[in-house]
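Residue-level listing of the chains:
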Amino acid sequence: MPELAEVEFYRKRWNPGLKQKVAAVLLHPSASVFRGCDVNLLEDQLTGATLLSSGAAAKQMLFRFSGDAWLGLHLGMTGELTVQPADFEPRKHDHLVLRQRDRSLVFSDHRMFGRVQFSTGADAPDWWSSIAPAILSDAFTLDAVATFLHRRARSPIKAVLLMQERFPGIGNWMADEILWRAAIHPKQPAGTLMPAQIKTLHKECRWVCRQALEMIGGESAELCDPPKTWLFPHRWEDGGSCPKTGAKLLREQIGGRTTCWSPARQILVA
DNA sequence: TCCTATGTTGTATG
DNA sequence: ACATACAACATAGG
């Protein structure tokens, strides 16, 4: 599930554990979410450490602990974070549990495309610092987008929007939502977009990110879905209709992912 | 049985 | 070296 705003939502879920000490660490050491991670070091360093702060960028989360310890989490396709009672017993898919006095902070992922990273040091790890500037930051300029589309000229625009190196946090549903709002066909080669279309695309990237973060990454305790006026709730319905035109939506694999678009407003330009 | 799934990455090919 | 396409990863559910 998790794209930009959902990642922010799950990050905040662990907020009740801020400023609290980790009494014990429970984990499934051979689970593939720990690939490339030193689980012994993680266990040693986090036991007795205090959760100080957290952040989200793109689809990554970073949790900072006392003792210069950094825990990175990626939710993959099916990951989630929850807060459970202090005596919670981890089940099959609860791969990492940070047990505190009054609660357990739990990372679960049944499909295990997610990932746990751990490191120590005075500064945040390199993989975190090198995440592309957020779409809602000033560094996400029209120029940067135009240059990127030019370099990926022959790829369908849908595939380009999924590239985290320029569109951090955008995933399959957000990409479709952005293209639908911008009235651009997902198969349109990135290099064939007119300057006015690139400008619209840039604008809709920011609009969808801002709205999604307000709606989903906000203060609500529940993960809520975008409203019926968005493409989102219609994209998986069989025989679903475009909320702007009423025309039947189409679905097809584009850029390796199932893509939904409204043929009445997203026209492929030759 | 076969297909799907809101993600990333390694590898092959051009 | 760079851009592009796609299988692979692991699991559950329809």
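Quick note: structure is the one above.
These numbers come from a predicted model, not from an experiment.

**Student:** How would you explain the nonpolar core if you had to name every residue and give the values?
**Tutor:** Side chains that are nonpolar tend, in soluble globular proteins, to be buried together. Leu 42, Leu 71 and Phe 167 are the most contacted members of the largest nonpolar core, which has 62 residues in total. For Phe 167, the contacting residues outside a window of four places in its chain are Ile 135, Phe 140, Val 145, Phe 148, Leu 149, Val 160, Leu 161 and Cys 205.

**Student:** Describe the sheet that holds strand β3 (residues 60-65), listing the residues and the values that go with them.
**Tutor:** Strands sit in the order β2-β3-β4-β8 across an open sheet of 4 strands; the sheet is antiparallel. Two strands bound the open sheet, and with one partner strand each, they are β2 (51-57) and β8 (115-120). Mean inter-strand twist for the sheet, computed between neighbouring axes without regard to direction, equals 20°. Pairing analysis gives 6 bridges linking strand β4 (residues 69-74) to β8, with the strands arranged antiparallel. Residue pairing across strands places Leu 71 opposite Phe 118, the latter belonging to β8.

**Student:** Which residues make up the protein's contact with DNA strand C, and what values do they have?
**Tutor:** Close contacts around DNA strand C come from Ser 32, Lys 92, His 93, His 110, Arg 111, Met 112, Phe 113, Arg 151, Arg 152, Ala 153, Arg 154 and Ser 155, and that covers them all. In DNA strand C, atoms within 4 Å of the protein come from the sugar-phosphate backbone in 66% of cases. With respect to DNA strand C, the backbone of Arg 154 contributes an N or O atom lying 2.9 Å from a phosphate oxygen. Here a sugar or linking oxygen of DNA strand C and a side-chain polar atom of Ser 155 are 3.3 Å apart. Classifying every residue of the surface near DNA strand C by side-chain character gives 3 nonpolar, 4 polar and 5 charged.

**Student:** I'd like a rundown of the packing of aromatic side chains, residues and numbers included.
**Tutor:** Aromatic rings in a pair are described by how distant their centres are and how their planes are angled relative to each other. In the structure shown here, the tally under the stated rule is 8 aromatic pairs. Where Phe 148 meets Phe 167, the ring centres are 6.0 Å apart and the plane angle is 80°; that geometry is what we call edge-to-face. Residue Phe 148 is found in helix α4 (residues 142-151), and its partner Phe 167 is found in the loop between α5 (157-161) and α6 (172-182); the two are separated by 19 residues along the sequence. Per residue, the accessibility class of Phe 148 equals that of Phe 167, and both read buried. Between the aromatic rings of Trp 173 and Trp 230, the centroid separation amounts to 6.4 Å while the plane-to-plane angle is 55°, which identifies the pairing as tilted. In this pair, Trp 173 is assigned in helix α6 and Trp 230 in the loop between α7 (195-215) and β9 (250-254), connecting sequence segments 57 residues apart.

**Student:** Just give me the short version of the pattern of salt bridges, but keep the residues and values in it.
**Tutor:** Counting across every chain of the model gives 9 salt bridges. Glu 165 is the salt-bridge partner of Arg 152, the closest N and O atoms lying 3.1 Å from each other. Placement of Arg 152 in the loop between α4 and α5 and of Glu 165 in the loop between α5 and α6 is noted, with a sequence separation of 13 residues between them. Where Arg 251 meets Asp 238, a salt bridge forms, and the shortest distance between an N and an O atom there is 2.5 Å. Remark: Asp 238 occurs in the loop between α7 and β9 and Arg 251 occurs in strand β9; sequence separation between them is 13 residues. By relative accessible area, Arg 251 is classed as partly exposed at 34%. Given the relative accessible area of 69%, Asp 238 is considered exposed.

**Student:** Which residues make up the side chain of Arg 166, and what are the values?
**Tutor:** With respect to the secondary-structure elements, Arg 166 resides in the loop between α5 and α6. This buried residue, Arg 166, is left without a salt bridge; Glu 165 holds the nearest opposite charge, at 7.7 Å. Once you skip the residues sitting within four places of it in the chain, Arg 166 turns out to touch Ala 132, Pro 133, Phe 140, Ala 144 and Phe 148.

**Student:** Give me the sheet that holds strand β5 (residues 79-84): which residues, what numbers.
**Tutor:** If you walk across this open sheet you meet the 4 strands as β1-β6-β7-β5, and the pairing is antiparallel. At either margin of the open sheet sits one strand with a lone partner, and together these are β1 (24-27) and β5. Direction aside, the axes of adjacent strands within the sheet are offset by 15° on average. With 6 bridges joining them, β5 and strand β7 (residues 104-109) adopt antiparallel strand pairing. Bridge assignment links Leu 81 to a residue of β7, and that residue is Phe 107. Strands in contact with helix α2 (residues 39-46) are β1 and β6 (94-99); relative to β1, the strand with the most contacts, it is inclined by about 155°.

**Student:** If you had to explain the environment of Glu 214 to someone new, which residues and values would you point to?
**Tutor:** Locating Glu 214 in the fold gives a position in helix α7. It is 8.2 Å that separates the C-alpha atoms of Glu 214 and Ala 5, two residues lying 209 residues apart in sequence.

Procedures and definitions
- Residues numbered from 1 in each chain as written.
- Chains lettered and ligands numbered in written order.
- Predicted model: local features only at pLDDT ≥ 70, side-chain atom pairs only at ≥ 80, totals over all residues.
- Heavy atoms only, no water.
- Core = buried A, V, L, I, M, F, W, Y, C linked by side-chain atoms within 4.5 Å.
- Buried < 20%, exposed > 50% of the residue type's maximum accessible area, 1.4 Å probe, protein only.
- Contact = heavy atoms within 4.5 Å.
- Pairing = 2+ DSSP bridges.
- Helix = DSSP H or I, 4+ residues; strand = E, 2+ residues; numbered from the N terminus.
- Axes fitted to C-alpha atoms, helices over the stretch in contact; angles between N-to-C directions.
- Near = heavy atom within 4 Å.
- Polar contact = N/O pair within 3.5 Å; in protein donor to acceptor, adjacent residues only side chain to side chain.
- Nonpolar A, V, L, I, M, F, W, Y, C, P; charged D, E, K, R; others polar.
- Phe/Tyr/Trp six-rings, centres within 6.5 Å; stacked < 30°, edge-to-face > 60°.
- Salt bridge = Lys/Arg side-chain N within 4 Å of Asp/Glu carboxyl O.
- Lys, Arg positive; Asp, Glu negative; His and termini not counted.

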